[in-house]
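So the chains spell out like this:
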There are 2 protein chains.
Amino acid sequence: MSENGALPLRGKVLTVDTMNANVKKVDYAVRGPIVQRAVQIEKELKEGVKKPFEEVIKANIGDAHAMGQRPITFFRQVMALCTYPQLLDDNKFPEDAKNRARRILQSCGGNSIGAYTTSQGIDCVRHDVANYIQRRDGGIPSDPDNIYLTTGASDGIVTILKLLTAGEGRTRTGVMISIPQYPLYSASIAELGAVQINYYLNEEKCWSLDISELQRSLHAAREHCNPRVLCIINPGNPTGEPIRSFPYKKNSNDIYKGCEFHSFKKVLFEMGPEYSSKVELASFHSTSKCYMGECGFRGGYMEVINMDPEVKAQLTKLVSVRLCPPAPGQALMDLVVNSPQPGEPSYQTFMKERTAVLSALAEKAKLTEEILNTVPGISCNPVQGAMYSFPRITLPERAINEAKAKGQAPDMFYCMKLLEETGICLVPGSGFGQREGTYHFRMTILPPTDKLKIMLNKLKEFHQKFTQQYS
Amino acid sequence: MSENGALPLRGKVLTVDTMNANVKKVDYAVRGPIVQRAVQIEKELKEGVKKPFEEVIKANIGDAHAMGQRPITFFRQVMALCTYPQLLDDNKFPEDAKNRARRILQSCGGNSIGAYTTSQGIDCVRHDVANYIQRRDGGIPSDPDNIYLTTGASDGIVTILKLLTAGEGRTRTGVMISIPQYPLYSASIAELGAVQINYYLNEEKCWSLDISELQRSLHAAREHCNPRVLCIINPGNPTGEPIRSFPYKKNSNDIYKGCEFHSFKKVLFEMGPEYSSKVELASFHSTSKCYMGECGFRGGYMEVINMDPEVKAQLTKLVSVRLCPPAPGQALMDLVVNSPQPGEPSYQTFMKERTAVLSALAEKAKLTEEILNTVPGISCNPVQGAMYSFPRITLPERAINEAKAKGQAPDMFYCMKLLEETGICLVPGSGFGQREGTYHFRMTILPPTDKLKIMLNKLKEFHQKFTQQYS
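About the thresholds
- Residues numbered from 1 in each chain as written.
- Chains lettered and ligands numbered in written order.
- Predicted model: local features only at pLDDT ≥ 70, side-chain atom pairs only at ≥ 80, totals over all residues.
- Heavy atoms only, no water.
- Core = buried A, V, L, I, M, F, W, Y, C linked by side-chain atoms within 4.5 Å.
- Buried < 20%, exposed > 50% of the residue type's maximum accessible area, 1.4 Å probe, protein only.
- Contact = heavy atoms within 4.5 Å.
- Least-squares fit on C-alpha atoms with pLDDT ≥ 70 in both.
- Domains from an automatic or database assignment.
- Buried area = accessible area lost by both parts, 1.4 Å probe.
- Salt bridge = Lys/Arg side-chain N within 4 Å of Asp/Glu carboxyl O.
- Polar contact = N/O pair within 3.5 Å; in protein donor to acceptor, adjacent residues only side chain to side chain.
- Helix = DSSP H or I, 4+ residues; strand = E, 2+ residues; numbered from the N terminus.
- Pairing = 2+ DSSP bridges.
- Axes fitted to C-alpha atoms, helices over the stretch in contact; angles between N-to-C directions.
- Nonpolar A, V, L, I, M, F, W, Y, C, P; charged D, E, K, R; others polar.
- pLDDT = per-residue confidence, 0-100.
- Phe/Tyr/Trp six-rings, centres within 6.5 Å; stacked < 30°, edge-to-face > 60°.
- Expected span 1.5 Å × (residues − 1).
- Parallel < 35°, antiparallel > 145°, perpendicular 65-115°, else oblique.
- Left-handed = near helix turned anticlockwise from the far one by under 90°.

Trainee: For this particular structure, what's the right way to read the nonpolar core?
Mentor: Note on soluble globular proteins: their nonpolar side chains tend to be buried together. In this structure, F75 and L87 of chain A together with F75 and L87 of chain B are the most contacted members of the largest nonpolar core, which totals 87 residues. Among residues more than four places away in sequence, those in contact with L87 of chain B are A80, L87 and F93 of chain A together with A80, L81, F93 and K98 of chain B. F441, L459, F462 and Y470 of chain B belong to the second-largest nonpolar core, a separate cluster that totals 40 residues.

Trainee: Which parts of the structure should I look at to understand the relation of the copies chain B and chain A?
Mentor: Mapping one chain copy onto the other needs a rotation about an axis and a shift along that axis. Of the transformation placing chain B onto chain A, the axial shift is 0.0 Å and the rotation is 180°, giving an RMSD of 0.0 Å. Such a combination of turn and shift is consistent with a two-fold rotation axis. Taking C-alpha positions as the reference, the residue of chain B nearest the rotation axis is A80 of chain B, at 2.3 Å. Comparing interface residues between copies, 100% of those in chain B also sit at the interface in chain A, which points to an isologous, same-surface contact.

Trainee: Explanation requested: the domain arrangement of chain A in the structure shown.
Mentor: Residue and element names in this part refer to chain A. Domain boundaries in chain A define domain 1 (21–68 + 350–469) and domain 2 (95–337). Centre-to-centre, using C-alpha coordinates, domain 1 lies 27 Å away from domain 2. If you look at the interface, domain 1 gives 33 residues, while domain 2 gives 34 residues. Where domain 1 abuts domain 2, roughly 2,700 Å² becomes buried across the two surfaces, and 55% of that area is made up of carbon and sulfur atoms. For domain 1, the biggest contributors to the area lost against domain 2 are Y28, N381 and F432; these three give 19% of the whole. One can count two salt bridges joining domain 1 with domain 2. Note that E203 and R392 form a salt bridge whose closest N and O atoms lie 3.7 Å from each other. Our count for the contact surface shared by domain 1 and domain 2 stands at seven residue pairs in polar contact (both at pLDDT 80 or more). Mapped by element, the contributors of at least two residues to the side of domain 1 that touches domain 2 are helix 1 (21–25), helix 13 (347–373), strand 9 (388–389) and strand 13 (439–444). Tallying contributions element by element places helix 13 first for the side of domain 1 that touches domain 2, with four residues.

Trainee: Explain the sheet that holds strand 6 (residues 281–286) of chain B to me, please; I cannot follow it from the model alone.
Mentor: Residue and element names in this part refer to chain B. Read from one edge of the open sheet, three strands run 2-7-6, paired in antiparallel fashion. On the outer flanks of this sheet lie strand 2 (147–151) and strand 6, each paired with one strand and no other. On average, each strand axis in the sheet is inclined to that of its neighbour by 25°, with strand direction left out of account. As defined by bridge partners, strand 6 adjoins strand 7 (residues 299–305) across six bridges and the pair is classed as antiparallel. From the neighbouring strand, A282 faces strand 7, where its bridge partner is V304. Each of strand 2, strand 6 and strand 7 is contacted by helix 6 (residues 152–164), which is oriented at about 160° to strand 6, the strand it contacts most. Across the sheet, helix 11 (residues 309–320) touches strand 2 and strand 7, and the angle it forms with strand 2 is around 30°.

Trainee: I keep staring at unusual backbone geometry and nothing clicks. Help me out?
Mentor: In most cases, non-glycine residues show a negative phi, while peptide bonds are predominantly trans. Here I179 of chain A and P180 of chain A are connected by a cis peptide whose omega angle stands at 0°. Position of P180 of chain A relative to the elements: it lies in the loop between strand 3 (173–179) and helix 7 (183–192). A positive phi angle, close to 55°, is found at N111 of chain A, a residue other than glycine. Taking the relative accessible area as the measure of exposure, N111 of chain A reaches 46% and is therefore partly exposed. Despite not being glycine, W207 of chain B shows a phi value in the positive range, around 55°. Within the secondary structure layout, W207 of chain B lies in the loop between strand 4 (195–200) and helix 8 (211–222). For W207 of chain B, a relative accessible area of 7% translates into the label buried.

Trainee: Teacher, can you tell me more about the interface of chain B and chain A here?
Mentor: Quoted interface sizes are often the accessible area lost when the parts come together. On the side of chain A, 109 residues touch chain B, which itself brings 109 residues to the contact. For the pair chain B and chain A, the summed buried surface comes to about 9,400 Å²; carbon and sulfur atoms form 59% of the total. Counting every contact that joins chain B to chain A gives six salt bridges. When the shortest N-O distance is used, the salt bridge between R322 of chain B and D155 of chain A registers 4.0 Å. Across the chain B-chain A interface, the total number found is 45 residue pairs in polar contact (both at pLDDT 80 or more). Here the side of chain B that touches chain A gets seven residues from one element, more than from any other, and that element is helix 3 (residues 73–83) of chain B. Along the lines of polarity and charge, the residues of the side of chain B that touches chain A split into 53 nonpolar, 30 polar and 26 charged.

Trainee: I'm lost on the side chain of D308 of chain A in this one. Help?
Mentor: Counting through the fold element by element, D308 of chain A comes out in the loop between strand 7 (299–305) and helix 11 (309–320). Setting aside residues up to four positions removed in sequence, D308 of chain A forms contacts with K12, L14 and T15 of chain B.

Trainee: Looking at this structure, how should I read the confidence of the model for chain A?
Mentor: Should the pLDDT be low somewhere, the predicted coordinates at that spot are not to be read in detail. Residues and elements named next belong to chain A. Scored by pLDDT, chain A comes out at a mean of 89, with 93% of its residues at no less than 70. Ignoring residues within four places in sequence, the model shows residues 1–8, a span with pLDDT below 50, making 26 contacts including any to other chains. Contacts for the low-pLDDT stretch residues 246–259, under 50 throughout, to residues beyond four places or in other chains number 29 contacts.

Trainee: I tried to follow the pattern of salt bridges on my own but got confused; where do I start?
Mentor: Side chains that differ in charge, positive against negative, can pair when their charged atoms come close. For the structure shown, the criterion picks out 40 salt bridges over all chains. A salt bridge links R103 of chain A to D128 of chain A; the shortest N-O distance between them is 2.8 Å. Pair noted here: R103 of chain A is in helix 4 (residues 95–106) and D128 of chain A is in helix 5 (residues 123–136), with a separation of 25 residues, a long-range link. Between R37 of chain B and E44 of chain B there is a salt bridge, with its nearest N and O atoms 3.1 Å apart. Within this structure, R37, E44, K51 and E420 of chain A form a network of salt bridges that share partners.

Trainee: What's the story with the environment of S107 of chain B in this structure? I'm lost.
Mentor: Residue and element names in this part refer to chain B. For S107, the location among the structural elements is in the loop between helix 4 (95–106) and helix 5 (123–136). Counting along the chain gives 10 residues from S107 to T117, while the straight-line C-alpha distance between them is 8.8 Å. Sequence-distant contacts of S107, defined by excluding residues within four places in its chain, comprise I122 and C124.

Trainee: It is not clear to me how the pairing of strand 7 of chain A should be interpreted in this structure. Could you clarify?
Mentor: It is a general feature of regular strands that their side chains alternate between the two faces of the sheet. All names here are of chain A. With seven of seven residues buried, strand 7 is to be regarded as a mostly interior element. Residues G299, Y301, E303 and I305 line one face of strand 7 and the alternating positions G300, M302 and V304 line the opposite face, and both faces are buried. In this structure, strand 2 (residues 147–151) lies alongside strand 7, joined through five bridges in antiparallel fashion. Bridge assignment links Y148 to a residue of strand 7, and that residue is M302.

Trainee: Any chance you could explain the packing of aromatic side chains here in plain terms?
Mentor: When we look at a pair of aromatic rings, we describe it by the centre distance and by the angle of the planes. Across all of its chains, the model carries 28 aromatic pairs over all chains by this definition. Pairing Y84 of chain A with F93 of chain B gives two aromatic rings, centres 5.6 Å apart and planes at 50°, and the pair type is tilted. With Y84 of chain A in the loop between helix 3 (73–83) and helix 4 and F93 of chain B in the loop between helix 3 and helix 4, this pair bridges two chains. The exposure classification of Y84 of chain A matches that of F93 of chain B, with both residues buried.

Trainee: Which parts of the structure should I look at to understand helix 8 (residues 211–222) of chain A?
Mentor: In a regular helix each residue adds 1.5 Å, so 12 residues correspond to 16 Å; helix 8 of chain A covers 17 Å between its end C-alpha atoms and thus fits that length. Among the residues making up helix 8 of chain A, those that are buried are I211, E213, L214, Q215, S217, L218 and A221 of chain A.

Trainee: Help me understand the side chain of N381 of chain A, please; the structure alone is not making it clear to me.
Mentor: When you line up the elements, N381 of chain A lands in the loop between strand 8 (378–379) and strand 9. Among the polar contacts listed, one links the side chain of N381 of chain A to the backbone oxygen of E203 of chain A, at a separation of 3.0 Å.

Trainee: Help me understand the packing of helix 13 of chain A against helix 16 (residues 449–469) of chain A in this model?
Mentor: All names here are of chain A. In the contact formed by helix 13 and helix 16, the axes pass within 10 Å of each other and the chain directions differ by 15°. By the criterion of interaxial angle, the relationship of helix 13 to helix 16 is roughly parallel. Where helix 13 crosses over helix 16, the handedness of that crossing is right-handed. Residues E363, K364, L367, T368, I371 and L372 of helix 13 form the contact with helix 16, whose participating residues are T449, L452, K453, L456, N457 and L459. The residue makeup of the contact of helix 13 with helix 16, split by class, is six nonpolar, three polar and three charged.

Trainee: Explanation requested: helix 13 of chain A in the structure shown.
Mentor: Because an α-helix completes one turn every 3.6 residues, residues spaced three or four positions apart along the sequence face the same direction. All names here are of chain A. With 27 residues, helix 13 ought to run about 39 Å at 1.5 Å a step, and its terminal C-alpha atoms sit 39 Å apart, in line with that. Of all the residues in helix 13, the buried ones are F350, V357, L361, K364, A365, L367, T368, I371 and L372. Tucked inside the fold, the buried residues of helix 13 contact helix 3, strand 8, strand 9, strand 13 and helix 16.

Here is the structure:
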């Protein structure tokens with residue numbers, strides 16, 4: 001504003017030079033240049049531009065419904081009932097769906113999901129989440145007061161990182177993240193001005209977590225920041241691998257060896273009260289992944305354990321500034337943790353649908369690994385925990401040099417060519433981080449089996465051609 | 001983590017002393033101590049604790065559905081259809097609702113609102129928003145590329161403030177906000193570490209915006225920060241008043257006098273191309289207020305005008321980190337900007353419901369003003385623009401002293417007593433800011449008319465008793 005009361009007529013108030021410098025440092029490969037180009041290509045195809053393919057296959061993001069996966073009927077029935085309660089009189093809806101909807105609506109102000117909820121989330125949903133966690137962990141107690149509902153998992157992760165960010169220079173908060181990582185972490189760390197500390201997963205051992213690497217990374221970080229947070233993604237993203245063993249040393253030297261799925265909270269409790277009563281842990285879950293794939297609803301929760309009560313009060317205050325997470329997402333989260341039980345009318349259908357999705361995922365995981373490992377120059381770890389694979393690719397020296405000359409990461413160069421020639425949209429490994437001199441891409445295994453097969457074979461063909469061309 | 005790989009056994013990693021200092025400075029009165037106490041009292045009532053009242057009346061937050069307002073049928077029908085598309089075959093739903101749902105679903109990945117949308121928001125929704133703004137502003141063009149869908153209005157406001165926050169010490173970004181203000185602004189400014197600059201609305205002139213006060217505030221701020229942002233809430237919150245005239249000086253000295261509702265974008269365009277092509281403006285709207293009151297869906301949009309293209313690219317990148325706003329909220333936003341038209345089957349019912357809500361609000365606004373102004377020591381400006389009133393209260397010296405002795409703001413002391421004695425939950429003026437030595441409360445006018453009457457009369461009685469007691 002100028003001083004005579006007129007509005008400003010000088011240059012822009014907000015330019016890249018005068019904007020928030022931390023925001024500029026943010027990178028988000030999952031929706032980066034490759035994806036932007038893919039959207040453009042889709043438009044070009046619609047406009048009739050000729051391409052060597054007929055459609056873009058988006059294997060860049062874990063977006064199950066976009067890839068044709070059908071929503072779970074029970075979930076959508078309850079959501080429709082919550083949205084338009086007149087349907088409660090409709091006898092086409094099963095009784096268990098109606099009961100769930102009535103219970104959720106009774107927990108909402110004015111019995112409407114159009115009302116604000118409390119900032120921490122709807123009471124009965126938080127109770128259901130706590131019960132779910134307690135069942136998952138074989139009875140280890142979970143307190144609904146420690147549950148915060150969130151706008152997807154991302155929202156909760158950023159909130160906790162925000163609380164933890166403090167200090168300047170060498171006292172600045174350091175956040176340990178796995179490499180490869182999901183870029184939400186690096187992006188949030190950049191935005192908050194915290195320090196990113198990389199620890200590398202062991203690709204040779206199915207992307208496992210080595211304690212010696214954690215130690216190396218921690219030691220190195222202490223030289224220049226204050227490491228305060230260890231982030232773990234389980235199952236891994238982009239690697240798709242679950243944590244198979246969680247190594248810790250007790251007073252003696254025995255290593256804890258776990259079963260297939262590790263709840264970190266459960267591990268803490270098995271380590272004894274000196275750990276379970278002290279270690280601060282925040283864990284996150286959402287409606288977006290697994291068999292439901294309801295990304296658009298942005299439902300999620302976090303559980304905070306051993307958080308200092310004063311800090312918890314600050315957390316509650318902080319989340320209240322955004323008023324509340326979306327109520328439909330909260331309701332959907334409830335259904336995920338409180339799904340149909342044996343004896344309820346929707347149980348059979350629910351189980352059938354759930355099993356179908358999970359078996360299809362298992363089949364597609366196997367297919368992906370098998371086909372990709374037949375390609376010389378591609379090696380793919382088994383995909384066992386999530387909807388992603390992160391195969392390693394060998395790139396010819398000439399391709400690497402050409403990419404560098406263009407100022408592109410070599411795997412970005414590769415993925416961009418793949419997109420232009422085949423319509424397949426993947427995310428280069430450089431967007432997630434990888435060991436210097438190695439190259440990868442992240443691919444979701446979500447396309448329907450027939451399309452996935454076509455895609456994997458196209459990818460095979462492309463890789464062979466690319467290798468030939470640049471050798 | 002300790003160095004031998006065991007988990008930390010020292011004190012807490014995260015304490016109020018070691019947490020993000022900016023977060024500690026955040027205050028959010030609308031969900032502050034009064035509201036927390038109200039929730040407690042509700043629990044006590046449920047547990048059978050005797051109180052001088054039977055229920056808590058929450059007039060602290062603009063939450064229409066929680067106060068018994070019914071959702072607009074058409075909106076909920078379309079949302080149910082989007083959620084559970086099997087209902088598209090049900091002939092109980094009107095054709096226009098089905099058409100809207102089909103159109104929205106066609107814009108969603110895999111035709112599901114469970115898919116992620118693009119980060120900026122669903123294409124067809126952004127187009128509808130742009131058309132709506134264009135109609136509102138008498139044809140001044142609006143570009144869908146300038147529309148970003150958001151998670152409620154709050155999300156958009158924080159995002160824009162985040163982009164604008166830069167500098168250190170005297171170059172730190174200053175943000176001009178009206179006093180009284182909605183505490184989202186002060187809270188976000190604190191969290192981002194920007195500088196809050198207060199300009200005072202003129203209570204004597206129905207909370208109007210004085211250009212001389214803007215100038216005073218700007219001059220004063222220049223001494224200690226870099227004022228870059230002017231925030232305006234229209235209609236006002238907590239004051240409930242619309243901006244009646246938007247004062248600016250052209251080359252000559254004539255003052256622009258506006259009509260009842262001012263679109264700031266329209267004003268800019270009327271000021272001529274030297275303004276309309278240069279002034280950077282971001283404006284926000286949501287599904288939460290007005291006749292629809294759909295707060296729980298967290299739907300919203302912002303339009304950015306004259307934003308530097310490079311900054312806009314940064315904005316797009318920044319919003320992509322959160323993947324997308326909730327898809328149901330986006331769909332609902334679409335219905336608000338694209339409501340039933342004359343000739344469509346739902347038009348009559350829609351208009352009837354909409355008019356009923358708006359007339360009830362007008363009636364309740366009048367009732368509020370009339371009853372409160374009969375109370376000696378309460379003066380209430382007319383409520384004409386929003387669902388809030390912000391009456392001024394005169395407090396006896398002894399009450400002020402007793403409050404101060406307790407370390408409480410005098411109007412907090414007043415509101416807390418009001419809550420304990422009558423069950424009425426209001427927010428003290430100190431939570432919004434007010435001129436030194438004046439006291440207010442913010443009250444929504446949303447309770448149903450009969451309940452509102454009871455509430456206003458209880459308030460009257462309480463004020464008289466309070467004044468007597470402390471005189």
